[in-house]
Every structure is written in C-alpha cells, then in structure tokens.
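# Analysis of the macromolecular model
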Amino acid sequence: MSATASVPEGRLRLQRSTYLSSSQPYFRSTAEENNNSISIEVDGQWKRRRLTASLRGRDEYSAAEDWNYIILREIETGYQLSRGVSVHLGRKLYIWNEWEGDWGQGLYQPRYMQNKLRPESAGLSGVFVDVKNRNLAFTLGALANIPDLGAHFSVREHRFYSANPWFNPPADTFEYNSRLQDIRYSVVRPSAEQVIAKIGAASKIEWHKGDHTLRASYAYKPAPQFLLGFASRNQVVLGDDVDYMRVRIEPRL
C-alpha cells in the first residue's frame, strides 16, 4: 500500500441568504429574513500503509443567529487487518440504501437539519468491520447513538426563541374559558451520555458485478429523530388573576 497521505481539500465560503418575506406564513415574524454566514470546510482522506483516516465536515458561523454550527459528516480512522478485511472507528458514511441517499430521510443515518431545504446526512458512529472480495462486500457495525441535530433555539420566560427560519416552535397560546391563555414551556434536556449510550447495531451485504448491485441492510438502533412528548393531564393551572397551561417537554429516543 502507499505510504503517502493525500492532501485534504479546504474551502472558505462567505454566503448571504435571503428568505421569503417573514410576513408570509412560510416563516415566523420573529425569524430573520436574511443571514450572512462564513464556513470553513475540510474534505480529506489519508492512507499510510495499513492505516487510513478521513474527515469530511465544516464549521459554519451564522451571523443572524450568532451561533456556530460544527458539522462533522465523517470523522474516522481505519486499519487493514488483512487483504479485504478492515476495521474502522468513528463516524463513517456508508450507503445503507439508495432511497435514503436520494431523499435524505434519516432512516439509518442522522442528519444536520439547521437548513431543512438542504439536510446533510452524517455517518453512523461506532466500530465497523468491512469484509470484501471480488464480488461480495459485508459490513457489520456496533453503534453509539448520535441523533439528528437541528436549528439552534432557546427557551426564555417559558417561550421558544430562534432566529433560524426553519425552526418551527409549538403554539404559545390555547383557548380556555373562551379566552386565549398562555402556554408556559420547559424542556428536559437529556445529557450527552444518556443519548450516546443508546447503543445499536447495523449490517449490510452487497453483491457487485459490472454495473449491477444488489444490497440488503438491517439495523436495530434508535431512530435518529427525537420523539417529543409531554404529560397532558392536570397541566392547566388556574390562578386568581391568570390561567395558563404548563407544558414540560421530554425528548425521548
């Protein structure tokens, strides 16, 4: 094998985005109509004897949101055990099925969703074993869990705030006693350790011959998307001066 490393590609991009008018129902009135962003992108692969490594990602700063998005689509290192057998550690991009690659629905691999018009798929994270011969290829992975990551938001004074136009907050009022009353939100944020510890596994087998490919894949793991729920009983608080609903959102996988 080659004892040299390829030179990674780096790109610096300045971008200005103009969205449709915030007065239209597409976006909220509190969302920004324009955004200036700067990003530094790296795409590189290295190979030295039996060792390999790859990095695909970027760091993007959004001026409108005053927030820095770190987007790591792939970051992994590998070692070739023998001819046709290799092991990889980290976040690695695979083609598990063509449908997911074309439509980006996040069935197997998680996505970065800060811009819902352009979701970006990222690799699964864990330890992977690849076995290949002339026509067959087999992959088996033991997975840690990293879910979809979306737009930056915060909860202040029991309400959701975000300058990102793709963030869709829940309703902040409800009708009670023929009047609109406030909904007061809080969010239970699971720790990173709790999320990552939701382990799983994935496997696939492929057959190649010329321009033809057959692929079968299977995974037992959490879905990349959080499910958002809250207790619905006894959440309306009746006060002397004001009535309101108390909603404590609990994400789960």
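In what follows, the structure referred to is the one given above.
Note that the structure is predicted; figures quoted are calculated from it, not measured.

So, about the overall build of the protein. Looking only at helices and strands, the protein features two helices and 18 strands. Over its C-alpha atoms the protein spans a radius of gyration of 23 Å, topping by over 25% the 18 Å that the globule rule assigns to 253 residues. Oriented by its inertia axes, the alpha-carbon framework of the protein measures out at about 75 × 40 × 35 Å. A total of 253 residues make up the protein; the buried ones form 32% of that total. Pairs at least 24 apart in sequence give 55% of the contacts found in the protein among residues at least 6 apart. Summing over all exposed atoms, the protein offers an accessible surface of approximately 16,500 Å²; the carbon and sulfur share of this is 54%. Here the protein carries 33 positive and 28 negative side-chain charges, and the mean point of each set is 9 Å from the other.

Read across the open sheet, the nine strands follow the order β1-β2-β3-β4-β5-β8-β9-β14-β15; overall the sheet is antiparallel. In the strand order of this sheet, the two ends are held by β1 (9-18) and β15 (212-220), each with one partner. When strand polarity is set aside, the average angle formed by the axes of neighbouring strands in this sheet is 15°. Here strand β4 (residues 67-82) pairs with strand β5 (residues 85-92) via seven bridges, running antiparallel. In the strand pairing of β5, E76 is matched with G90.

Alignment of β1 against strand β2 (residues 34-48), held across 10 bridges, turns out to be antiparallel. Opposite S17, over in β2, you have N35 as the bridge partner. Hairpin connection of β2 to strand β3 (residues 51-62): two residues between the antiparallel strands, including R49 at a positive phi of 55°.

This next bit is on the side chain of E120. Among the structural elements, E120 can be located in strand β7 (residues 120-121). Its relative accessible area of 16% is what places E120 among the buried residues. A distance of 2.7 Å separates polar atoms of two side chains, one belonging to E120 and the other to R58.

In this section: the packing of aromatic side chains. The full count for this structure, using the stated rule, is seven aromatic pairs. With centroids separated by 5.1 Å and ring planes inclined at 15°, the aromatic side chains of F153 and F167 adopt a geometry described as stacked. Within this pair, whereas F153 is found in the loop between β9 (136-144) and β10 (154-156), its partner F167 is found in the loop between β11 (159-161) and β12 (173-176), the two being separated by 14 residues in sequence. A residue is classified by how much of its surface remains accessible, and F153, at 23% relative accessible area, is partly exposed. Taking relative accessible area as the criterion, F167 reaches 14% and is therefore assigned buried. Ring plane angle 65° and centroid distance 5.2 Å describe the contact between F160 and Y185, whose orientation is recorded as edge-to-face. Pair noted here: F160 is in strand β11 and Y185 is in strand β13 (residues 179-187), with a separation of 25 residues, a long-range link.

Before going further, it helps to examine a nonpolar patch on the surface. A surface patch of nonpolar side chains, about 660 Å² in accessible area, is lined by V129, V131, L136, F138, L140, I205, W207 and L214. Looking at the nonpolar patch, the elements that each hand over two or more residues are β8 (124-132), β9 and β14 (200-209). Ranked by the residues each element gives to the nonpolar patch, the list is headed by β9, at three residues. Considering the arrangement of structural elements, one finds L136 in strand β9. Of the residues examined, L136 reaches a relative accessible area of 40% and is grouped as partly exposed.

Parameters at a glance
Residues numbered from 1 in each chain as written. Predicted model: local features only at pLDDT ≥ 70, side-chain atom pairs only at ≥ 80, totals over all residues. Heavy atoms only, no water. Helix = DSSP H or I, 4+ residues; strand = E, 2+ residues; numbered from the N terminus. Rg over C-alpha atoms; globule rule 2.2 N^0.38 Å. Buried < 20%, exposed > 50% of the residue type's maximum accessible area, 1.4 Å probe, protein only. Contact = heavy atoms within 4.5 Å. Areas by Shrake-Rupley, 256 points an atom, 1.4 Å probe, with all protein chains shown as cover. Lys, Arg positive; Asp, Glu negative; His and termini not counted. Charge placed at Lys NZ, Arg CZ, Asp CG, Glu CD. Pairing = 2+ DSSP bridges. Axes fitted to C-alpha atoms, helices over the stretch in contact; angles between N-to-C directions. Polar contact = N/O pair within 3.5 Å; in protein donor to acceptor, adjacent residues only side chain to side chain. Phe/Tyr/Trp six-rings, centres within 6.5 Å; stacked < 30°, edge-to-face > 60°. Patch = residues over 30% accessible without salt bridge, like charges linked within 9 Å, V, L, I, M, F, W, Y side chains within 5 Å. Salt bridge = Lys/Arg side-chain N within 4 Å of Asp/Glu carboxyl O.

Worth remembering: the numbers are spatial, not functional.
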